[in-house]
Amino acid sequence: MNDEPLVVLDGVNKHFGALHVLQDIDLTIHRGEVVVVIGPSGSGKSTLCRTINRLETIDSGNITIDGSPLPQEGRALARHRSDVGMVFQSFNLFSHKTVLENVVLGQTLVRGTPRAEAEKKAVALLERVGVGHQAGKHPAQLSGGQQQRVAIARALAMDPKVMLFDEPTSALDPEMINEVLEVMRQLAEEGMTMVVVTHEMGFARSAANRVVFMADGRIVEENTPEAFFTAPRSDRAKDFLSKILHH
């Protein structure tokens, strides 16, 4: 990790009607950093994640990625989204296309990569996430854990500057969670810049450089995993941790 800021949120506010879901969010994510965002349901974690690739617009403040502000729409936005890989709770794969096609498509459509090159890269990435042998199947023929690993390969195929994971394991059966977290751990070790919204505290402890704790639309505290889990500073964080770590 270096000190170069890659994603900067500055005074970001977002409302859904009367609900103030993001309140004056300031957050800087450095190149190569793994930031895990945790907190109670409804604290704004997923919304925060979705503003970074403009799936949610913001009401005020600024977001820059690699020094450039988020584009409003059109081709520039499509290019921006391909720089920001996103892995969702639901896998969002194209069900009528094969696994290989799912990973090839964005490369050829958005990046303009020649088909043969895109296929070669797709095969290598599917191998890397451990589903190379499933390339010819359709998503419905795969387990949830396999589908999520295909979704990760699809995002990686665009050579993103940053990867966003919005609760990537919460729709999975318990035995599949680790196979997805393992792929994410490898990415973290390889220096991928990652923002991960998750309930998996073991992953937060072992893979994060920094834990960001949110409650009620605000960042309440941020710290190293070691410091956060052993000595949280705020009452909200203490309360949250006592509920999840002791049952």
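Within an unreviewed UniProt entry, the label attached to the protein chain reads ABC-type polar-amino-acid transporter, and the organism entered is Mangrovactinospora gilvigrisea. As recorded by UniProt, the Catalytic activity (unreviewed entry) comment attached to the protein chain reads in full: "a polar amino acid(out) + ATP + H2O = a polar amino acid(in) + ADP + phosphate + H(+)". Quoted verbatim from the Subcellular location (unreviewed entry) field of the UniProt record, the comment on the protein chain reads "Cell membrane".

Caption draft 1: Structural view of the packing of helix 5 (residues 144–156) against helix 6 (residues 174–189). At their nearest, the axes of helix 5 and helix 6 sit 8 Å apart, and the two run at 20° to each other. The orientation of helix 5 relative to helix 6 falls into the category roughly parallel. Once helix 5 is placed against helix 6, the crossing between them reads as right-handed. Residues Gly144, Gly145, Gln146, Gln148, Arg149, Ile152 and Leu156 of helix 5 touch helix 6, and the partners they reach there are Met176, Glu179, Val180, Val183, Met184 and Leu187. Among the residues making up the contact of helix 5 with helix 6, the classes are represented as seven nonpolar, four polar and two charged.

Caption draft 2: How the structure looks around the UniProt feature "domain: ABC transporter" (unreviewed entry) in the protein chain. Mapped onto this numbering, the UniProt entry gives "domain: ABC transporter" (unreviewed entry) at residues 7–241. In the segment residues 7–241, helix accounts for 39% and strand for 26%; the C-alpha atoms at its two ends are 27 Å apart.

Caption draft 3: Up close: the layout of surface pockets. In this structure, the largest pocket occupies an estimated 580 Å³ of space. Listed by contribution, the elements that provide at least two residues to the lining of the largest pocket are helix 2 (74–83), strand 6 (84–87), helix 3 (99–109) and helix 5. A total of five residues in the lining of the largest pocket trace back to one element, the largest contributor, which is helix 3. Residues that form the lining of the largest pocket fall into these classes: twelve nonpolar, six polar and two charged.

Caption draft 4: Quick look at the sheet that holds strand 3 (residues 34–38). In space, the six strands of this open sheet follow the order 6-7-8-3-9-10, with mixed pairing throughout. Unpaired on one side and paired on the other, strand 6 and strand 10 (218–223) mark the two borders of the sheet. For this sheet the average axis-to-axis angle between neighbouring strands, irrespective of direction, equals 20°. Sheet analysis places strand 9 (residues 210–215) next to strand 10, joined by five bridges and oriented antiparallel. From the neighbouring strand, Val211 faces strand 10, where its bridge partner is Asn223. Those strands touched by helix 5 are strand 6 and strand 7 (162–166), and its axis lies near 170° from that of strand 6.

Cut-off values and rules
- Residues numbered from 1 in each chain as written.
- Predicted model: local features only at pLDDT ≥ 70, side-chain atom pairs only at ≥ 80, totals over all residues.
- Heavy atoms only, no water.
- UniProt positions renumbered as here; feature names shortened; annotations may be inferred.
- Axes fitted to C-alpha atoms, helices over the stretch in contact; angles between N-to-C directions.
- Helix = DSSP H or I, 4+ residues; strand = E, 2+ residues; numbered from the N terminus.
- Parallel < 35°, antiparallel > 145°, perpendicular 65-115°, else oblique.
- Left-handed = near helix turned anticlockwise from the far one by under 90°.
- Contact = heavy atoms within 4.5 Å.
- Nonpolar A, V, L, I, M, F, W, Y, C, P; charged D, E, K, R; others polar.
- 1 Å grid on protein atoms, 1.4 Å probe; cavity = no way out; pocket = protein on both sides within 12 Å on 5 of 7 lines; lining within 4 Å.
- Points joined across faces, edges and corners; volume = space filled by probe spheres on them.
- Pairing = 2+ DSSP bridges.

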